[in-house]
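Listed below are the residues making up each chain.
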Amino acid sequence: MHQLFSQVLGQRDLSRAGDLFSLEDTEIESCLSQALDQIKAISCSPDYLTNDNDQAVVEICITRITTAIRETGSIEQHSTALVGLWESCLEHNLTPQGENTEDTPHAKIASDITSCILQNYSCPSVMVLAVPVAVRFLQRGNRELSRNMSSYLSLAAIAKADLLAEHTEAITLSVLGGNHMLLRVLPSVYPRQPDTIHCHLGNLTAMMSQLESPEQQHLIRLIQIVAEQHPLMLSPQVPTLVSYLGDQSLTEALLGALVDVSQASPSSLVSFLPALRIVGQQCPALLGPVAKIHGAVGIISETHAHNSLVYLVSCLGSMEHSFHHTLLLEIRALTDRYPSLLGGCGKDIYRMSNSFTAIARLLGRRLEESTAMHCRSKSLALHAVRSRSINSDTGEDSEGLEPNPDNIIPNTLVKSHSENQEAPPTERKLIGDGSMPVSAVLDRGVKEAEKGQSREKDGETEEQEDTDRLFIHLRDNMETIREFCGDMVRQIPIPEQCVIDDSNRGCVAKLSFSCPLKGHYCLYAKSCFNLTSRQPHLWIHIMLLHLQSKSSVALCSRDECVQRLASLWEKTQLKGAHSFPMAMTQHTTPHRKDMDSLQIQLEEVRFFDLFGYSEEEGGWLCFMCNNPEKATVVNQEGQPLIEGKLKEKQVRWKFIKRWKTRYFTLAGNQLLFRRGKSKDELDDIPIELSKVQSVKVVAKKRRDRGLPRAFEIFTDSKTYVLKAQDEKHAEEWLQCINVAVAQARERENREATTYL
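Here the structure is a predicted model, which means the values were calculated and not measured. For every chain, the first residue of its written sequence is number 1, and the numbers climb from 1 along that sequence. With the structure being a predicted model, the display of local features is reserved for residues of pLDDT at least 70 and the display and counting of side-chain atom pairs for 80 or more, all residues being used for whole-chain, interface and lining totals. Hydrogens and waters are ignored; side-chain quantities use all the structure's heavy atoms.

Caption draft 1: The nonpolar core, seen in detail. Here, the term nonpolar core denotes a set of buried Ala, Val, Leu, Ile, Met, Phe, Trp, Tyr and Cys residues that are joined through side-chain atoms within 4.5 Å. Exposure is judged per residue with a 1.4 Å probe applied to protein chains only, and the accessible area is read against the type maximum: over 50% gives exposed, under 20% gives buried, and values in between give partly exposed. If you look at the biggest cluster of nonpolar residues, it comprises 122 residues, and the most contacted ones within it are Phe 5, Trp 86 and Phe 137. Leaving out residues up to four positions away in the same chain, Trp 86 has contacts with Ala 110, Ile 113, Thr 114, Ile 117, Leu 118, Ala 130, Val 133, Ala 134, Phe 137 and Met 149. Met 488, Ile 542, Phe 611 and Ala 742 belong to the second largest nonpolar core, which has 54 residues in total. By the convention used here, residues are in contact when the closest approach between their heavy atoms is within 4.5 Å.

See the structure below:
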């Protein structure tokens, strides 16, 4: 052990303890484990709780040791001794007693060590030792320690969820005890320990109303995973989940989970159908999942099927076009299972109609006739359906649409989700494409009715075929698209906004990316990361695929979101080029080399310095929101984000250039640099980060001239060329400078917003 450490710890010499900070970190690196073992012996002595001198010595020594470990990067070398001291604190009281709210001596030791250990959450060897000990702190009654531990365990769950899985019971009990921050851990450990969480599922779902919005989202994510993997386990929780549907922020996600439950246990949703209908009325955008639940419940019996059919038909006659495909699929599934509901002629009705309102009217009449035949009474609800359909129909009156023997085609209907037979030639002629489902035919009919024009017009026919082409392509490839997007979103971010600039220099896409979390220190709460790309077609394609992956039904050209993308596409096209639907259906997904080119472009503009994909949030978060444990350091006034020696290219004469070593410090809103190699020498004029236009690595064509570690900082008036010790240090500097520049701009934006 170093002589000074031996004196301070051996003799409990408080007067020399401060001198430990005059030693170089490398000078004491090898003896840190020995020092930690000696501190453990001191802190476990019987008189430690009453000896203020010993407590002060220990506190100073721990601060010096943890600083040295961080600076030398030697956490793995000393992790055993560090965790040993940390664990020894569990043998002592950690909870403040009586009116005294100050931490106990051993709680102070544990607190000092916590950040040093757990900020290395991405280091497996350290986490293997630390996680079992960290979990034990959760139940020791010290709120501050528990809160800090929860924050770091949440990060550990992202990097190494396996280590936390065996402690699922303790983590869940801590959540139920009020430690709501740990809710973000449960979705990560659930796939590995589902049975443990199932035992507490009722208590967890009952907590929803007590939680803040971010915590609710973590619980919702857990409920969604349970619904996807073990939907039957949620059946007892259906009443509780339905009771939360009045909360607009929760309804959509909860309905998605209830859809999964209804597929596995339809009987558990029977008594809640009226409440779900109210949700559908109040928020028409949620009609899709509501209809799916009705369809699933209707399968139970013919009585339930009849009731669900009445509701679905009423929606078909009055709801927007975007829901018709979903509604028809559910109606078809019910009538295929119980043909007697429509007297056995349901397929004829589907084939004969050319508009959704007409289909709704015909189905309503047939339901009336079928009901009257059995109970001699007509449903008032069906009368309402009929009258609404007639009033909303934009075509001719229903005369001539009734089934008759001359119009009925006695062959099997075109293939749907429940049929795989090929349509006969006569039907192919009717629908124009042997693979098109009945809903696509009706889609075409509605479009024609709205425009009041005939299908035979050449221009209209071409446009309608294109619309059908996109719908069919997306419908037939939904699983492939969903699988592709599941991987793609982890590698390529989806733009929040896209503008096409068609100037004399060529067509480019101006893309904007922001951070969805918008935390307290977020780099993009009031601004965006902007990128100009010469690959607008590729960006538009992946935006369409992303939209489709988020939708439970196939998109079509008439959807508003698709029309916006089509409008962008048209701005990129030369006269006579492919239309949007034709271009989007040439390839199901982009080629690998195209995706690689987008990733390379994002790397070149240093996007990945500022954003990282969060598995927990399922999206790209900014550096600050992704690394909350670093926010305090980065935002501490006067605290350097990074400092050290760099070489600056000096220009002396026209043909003679040389590098000069200088000491740089990145802190606050400035990049400070000294005239010489030492941080004690006089400063030059600092670089104001708010004036920095961009930071880039030296262009590739110049890298071959021996500048692999160089980068450039462009300001309003000057360009600085700097070179680091090696590529690793260059990457460190680049990321820190980019984060600091983004932070400076965000601060300016916030101040401007506040002023306005």
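Caption draft 2: The arrangement of helix α11 (residues 168-176) in detail. Regarding α11, the residues found buried are Thr 168, Ile 171, Thr 172, Ser 174 and Val 175. Viewed end-on, α11 has its buried residues packed into an arc of 160 degrees, placing them on one side of the element. On its buried face, α11 is in contact with α10 (161-165), α12 (186-189), α13 (194-198) and α14 (201-205). Numbering of helices and strands runs from the N terminus; a helix is a DSSP stretch of H or I covering at least four residues, while a strand is a stretch of E covering at least two. Downstream of α11 by a residue or two, Gly 178 has a phi angle that is positive, lying close to 115 degrees. By definition, the arc is the one covered by directions from the helix axis to the C-beta atoms.

Caption draft 3: Broad picture of the state of the cysteines. When the sulfur atoms of two cysteines come within 2.5 Å, that pair is taken as a disulfide. Counted according to the given criterion, the structure contains 0 disulfides. No disulfide involves Cys 522; its nearest neighbouring cysteine sulfur is the one of Cys 622, lying 3.8 Å away.

Caption draft 4: Expanded view of the environment of Glu 731. As for its placement among the helices and strands, Glu 731 is situated in helix α37 (residues 727-755). Expressed as a C-alpha distance, the spacing of Glu 731 and Ala 710, which sit 21 residues apart in the sequence, is 9.9 Å. Within the structure, Glu 731 has its side chain in polar contact with the side chain of Arg 606 (distance 2.8 Å). Between N or O atoms, a polar contact is any pair within 3.5 Å; within protein, one atom must be a potential hydrogen donor and the other a potential acceptor, and residues adjacent in sequence are included only when both atoms are from side chains.

Caption draft 5: Seen up close, the pairing of strand β4 (residues 611-614). Here, any two strands with at least 2 DSSP bridges between them count as paired. Note: β4 against strand β5 (residues 619-622), 4 bridges, orientation antiparallel. Counterpart to Ser 614 in the pairing with β5 is Gly 619. Between β4 and β5, which pair antiparallel and follow one another directly, the connecting turn spans 4 residues, one of which, Gly 618, has a positive phi of 70 degrees.

Caption draft 6: Spatial organisation of the packing of helix α5 (residues 52-72) against helix α7 (residues 105-118). Between α5 and α7, whose axes approach to 10 Å, the crossing angle comes to 5 degrees. As judged from the angle between their axes, α5 and α7 are roughly parallel. Counting all contacts with α5, which are made through Gln 55, Val 58, Glu 59, Ile 62, Thr 66, Ile 69 and Arg 70, the residues of α7 involved are Pro 105, Ile 109, Asp 112, Ile 113, Ser 115 and Cys 116. Under the scheme applied here, ten amino acids are nonpolar (Ala, Val, Leu, Ile, Met, Phe, Trp, Tyr, Cys and Pro), four are charged (Asp, Glu, Lys and Arg), and all others, including Gly, are polar. For the contact of α5 with α7, the per-class residue count stands at 7 nonpolar, 3 polar and 3 charged. Axis angles are defined between N-to-C directions and span 0 to 180 degrees, where every axis is a line fitted to C-alpha atoms and, for a helix, only to the segment in contact. Roughly parallel here means an angle under 35 degrees, roughly antiparallel means over 145, roughly perpendicular means 65 to 115, and every remaining angle is called oblique.

Caption draft 7: Looking closely at the pattern of salt bridges. The rule for a salt bridge is simple: a side-chain nitrogen of Lys or Arg has to be within 4 Å of a carboxyl oxygen of Asp or Glu. Throughout the structure, instances matching the rule amount to 16 salt bridges. Note that Arg 332 and Asp 336 form a salt bridge whose closest N and O atoms lie 3.5 Å from each other. On the criterion of helical spacing, the pair formed by Arg 332 and Asp 336 is a turn pair, its members being 4 residues apart in helix α21 (residues 324-337). For Arg 332, a relative accessible area of 4% puts it in the buried group. For Glu 648, the salt bridge identified is with Arg 662, shortest N-O distance 3.2 Å. Of this pair, Glu 648 sits in strand β6 (residues 642-651) while Arg 662 is found in strand β7 (residues 657-667), placing the two residues 14 residues apart along the sequence. The exposure class of Glu 648 is buried, given its relative accessible area of 7%.

Caption draft 8: The packing of aromatic side chains, seen in detail. Stacked, tilted and edge-to-face pairs are distinguished by plane angle, under 30 degrees for stacked and over 60 for edge-to-face with tilted covering the rest, among Phe, Tyr and Trp rings (Trp via its six-membered ring) whose centres lie within 6.5 Å. Under the counting rule described, the total for this entry stands at 15 aromatic pairs. Ring centres of Phe 607 and Phe 608 lie 5.5 Å apart, and the angle between their planes is 90 degrees; this geometry places the pair in the edge-to-face category. According to the relative accessible area criterion, Phe 607 is buried, its value standing at 0%. Counting every residue linked through ring pairs, the aromatic cluster contains Phe 513, Tyr 524, Phe 529, Trp 539, Phe 607, Phe 608, Phe 611, Tyr 613 and Trp 620. Remark: a charge is flagged as sitting over a ring if the NZ atom of Lys or the CZ atom of Arg is within 6 Å of the ring centre and within 35 degrees of the ring normal. Lys 723 extends its terminal NZ or CZ atom over the ring of Trp 659, reaching a point 4.5 Å from the ring centre.

Caption draft 9: Focus on the packing of helix α17 (residues 248-264) against helix α19 (residues 287-298). The contact between α17 and α19 brings their axes to 9 Å, and the two run at 15 degrees. Here α17 lies roughly parallel to α19, going by the angle between them. Between α17 and α19 lies a crossing of left-handed hand. Here Leu 255, Leu 258, Val 259, Ser 262 and Gln 263 of α17 come into contact with α19, specifically with Pro 289, Val 290, Lys 292, Ile 293 and Ala 296. Helix crossings fall into two classes, left-handed where the near helix is turned counterclockwise from the far one by less than a right angle and right-handed where it is turned clockwise.

Caption draft 10: Focus on helix α15 (residues 213-229). Here the expected length of a helix is defined as 1.5 Å per residue gap, with one fewer gap than residues. Taking 1.5 Å of rise per residue, 17 residues should cover 24 Å, and α15 covers 24 Å from first to last C-alpha, within 8% of that figure. Those residues of α15 that fall on the buried side of the exposure criterion are Gln 216, His 218, Leu 219, Ile 220, Leu 222, Ile 223, Ile 225, Val 226 and Ala 227. Check the buried side of α15 and you find it contacts α12, α13, α14, α16 (238-243) and α17.

Caption draft 11: Quick look at the confidence of the model for the protein. Confidence scores labelled pLDDT are given residue by residue by the predictor and lie between 0 and 100. In the predicted model, the protein carries a mean pLDDT of 78, and 77% of its residues have values of at least 70. Low pLDDT, under 50, characterises residues 378-466; the predicted model gives this stretch 148 contacts beyond four residues in sequence or across chains. Counting interchain partners and residues more than four positions distant, the pLDDT-below-50 stretch residues 652-656 has 1 contact.

Caption draft 12: Structural detail: the side chain of Thr 715. Within the secondary structure, Thr 715 sits in strand β11 (residues 710-715). Judged by relative accessible area, which is 11%, Thr 715 ranks as buried. A polar contact is formed between the side chain of Thr 715 and the backbone oxygen of Lys 718, at a distance of 2.9 Å. Non-local contacts of Thr 715, meaning those with residues more than four positions away in its chain, are made with Ile 687, Lys 691, Val 692, Gln 693 and Tyr 720.

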